[in-house]
Amino acid sequence: MKIAIGCDEAAYRLKIELIKYLEYLGIEYDDFGADEGSVVLYPDIAEKVALAVSEGKYERAILTCGTGIGMAITANKIPGVRAAVCHDVFSAERARKSNDAQIICFGERVIGVELAKSLLKVWLDSEFSGGGSTPKVEKINIIDAKYHNI
């Protein structure tokens, strides 16, 4: 698995810690920024990362900002992308198992590094379970296609 990762300046430190964790886990990644000391608008990073996921260049991605919310909102504007803000274990697991979310979003101002690493591990270890969630995810994809083709 190869992961895309990106942040704005509000979550640079968290991104660096998550990169170290990916390296520890032996997971390949590409860093889409921001760089230390740079000021970026989170929609610019979220768009680049989500587009790369949508195009199939990456199976999954991690986005971090102050709360994770802006990154998720922006990423979900890209056709075919399902991004989820996760700040607890149950949500991180269900984002994958029930919603087939390819992008996890964290807020550096909301959670600490160790919790973020724990949530990332749960999310990475989880796969879409299908079952009763399949028609729901299919419906999400139908709605996505309907409004992205306007």
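Structural data are supplied above this passage.
Keep in mind that this is a model prediction, so the values were computed, not measured.

**Observations concerning the packing of helix 4 (residues 89–97) against helix 5 (residues 113–125)**
Here's step 1: For the pair helix 4 and helix 5, interaxial distance at closest approach is 8 Å and the crossing angle is 25°. Between helix 4 and helix 5, the angle falls in the class roughly parallel. In the crossing of helix 4 with helix 5, the sense of the turn from one axis to the other is right-handed. Contacts between helix 4 and helix 5 involve Val89, Ala92, Glu93, Ala95 and Arg96 on the former and, on the latter, Leu119, Val122 and Trp123.
Here's step 2: Of the residues contributing to the contact of helix 4 with helix 5, the split by class is six nonpolar, no polar and two charged.

**Quick notes on helix 2 (residues 42–54)**
Here's step 1: Taking 1.5 Å per residue, 13 residues should reach 18 Å; helix 2 reaches 18 Å between its end C-alpha atoms and fits that length.
Here's step 2: The complete set of buried residues in helix 2 reads Ile45, Ala46, Val49, Ala50, Ala52 and Val53. All buried residues of helix 2 fall inside an arc of 155° around its axis, so they share one side.
Here's step 3: Packing partners of the buried residues in helix 2 comprise strand 1 (2–7), strand 3 (60–65), helix 3 (69–75) and strand 5 (103–107).
Here's step 4: Positive backbone phi, at 80°, marks Gly56, one or two positions downstream of helix 2.

**Some remarks on the side chain of Ser133**
Here's step 1: Position of Ser133 among the secondary structure elements: in the loop between helix 5 and helix 6 (134–148).
Here's step 2: On the accessibility criterion, Ser133 (11% relative accessible area) is buried.
Here's step 3: In contact with Ser133, not counting residues within four places along its chain, are Lys97, Ser98 and Phe128.

**Brief notes about the layout of surface pockets**
Here's step 1: Each pocket or cavity is described by its volume, and for the largest pocket that value is around 170 Å³.
Here's step 2: Together, Asn76, Val81, Arg82, Ala84, Ala95, Asn99, Ala101, Ile140, Ile143 and Asp144 line the largest pocket.
Here's step 3: Looking at which element gives the most residues to the lining of the largest pocket, the answer is helix 6, with three residues.
Here's step 4: Taken together, the residues that form the lining of the largest pocket break down as six nonpolar, two polar and two charged.

**Quick notes on unusual backbone geometry**
Here's step 1: The linkage connecting Gly33 with the following residue, Ala34, adopts the cis geometry, with an omega of 5°.
Here's step 2: Tracing the chain through its elements places Ala34 in the loop between strand 2 (28–31) and helix 2.
Here's step 3: Positive phi outside glycine occurs at Asp100, with the angle close to 55°.
Here's step 4: Checked against the element boundaries, Asp100 lands in the loop between helix 4 and strand 5.

**Quick look at the packing of helix 1 (residues 12–25) against helix 5**
Here's step 1: Relative to each other, helix 1 and helix 5 sit at 45°, their axes nearing to 10 Å. Our classification of the angle between helix 1 and helix 5 gives oblique. As for the relative orientation of helix 1 and helix 5, their crossing is right-handed in sense. Between helix 1 and helix 5, the contacting residues are Leu14, Glu17, Leu18, Tyr21, Leu22 and Leu25 on the first element and Val113, Ala116, Lys117, Leu120, Lys121 and Leu124 on the second.
Here's step 2: Of the residues assigned to the contact of helix 1 with helix 5, the class counts are nine nonpolar, no polar and three charged.

**Details of the packing of aromatic side chains**
To describe a pair of aromatic rings, you give the distance between the ring centres and the angle between the ring planes.
Here's step 1: Counted by the stated rule, this structure contains two aromatic pairs.
Here's step 2: Between Tyr21 and Tyr24, the aromatic rings sit 6.2 Å apart at their centres with planes inclined by 20°, giving stacked as the arrangement. You can see Tyr21 and its partner Tyr24 sitting in helix 1, three residues apart, about one turn around the helix.
Here's step 3: Judged by its relative accessible area of 14%, Tyr21 falls in the buried class.
Here's step 4: The exposed category is assigned to Tyr24, whose relative accessible area is 66%.
Here's step 5: Taken together, a centroid distance of 5.7 Å and an interplanar angle of 75° make the contact between Phe32 and Tyr58 edge-to-face. In this pair, Phe32 sits in the loop between strand 2 and helix 2 while Tyr58 sits in the loop between helix 2 and strand 3, placing the two residues 26 residues apart along the sequence.
Here's step 6: For Tyr58, a relative accessible area of 11% corresponds to the buried category.
Here's step 7: It is Arg60 that lies over the ring of Trp123; its NZ or CZ is 5.0 Å from the centre.

Rules used throughout
- Residues numbered from 1 in each chain as written.
- Predicted model: local features only at pLDDT ≥ 70, side-chain atom pairs only at ≥ 80, totals over all residues.
- Heavy atoms only, no water.
- Axes fitted to C-alpha atoms, helices over the stretch in contact; angles between N-to-C directions.
- Helix = DSSP H or I, 4+ residues; strand = E, 2+ residues; numbered from the N terminus.
- Parallel < 35°, antiparallel > 145°, perpendicular 65-115°, else oblique.
- Left-handed = near helix turned anticlockwise from the far one by under 90°.
- Contact = heavy atoms within 4.5 Å.
- Nonpolar A, V, L, I, M, F, W, Y, C, P; charged D, E, K, R; others polar.
- Expected span 1.5 Å × (residues − 1).
- Buried < 20%, exposed > 50% of the residue type's maximum accessible area, 1.4 Å probe, protein only.
- Arc of directions from axis to C-beta.
- 1 Å grid on protein atoms, 1.4 Å probe; cavity = no way out; pocket = protein on both sides within 12 Å on 5 of 7 lines; lining within 4 Å.
- Points joined across faces, edges and corners; volume = space filled by probe spheres on them.
- Phe/Tyr/Trp six-rings, centres within 6.5 Å; stacked < 30°, edge-to-face > 60°.
- Lys NZ or Arg CZ within 6 Å of the ring centre and 35° of its normal.

Everything listed is a geometric property; what it means functionally is a separate question.
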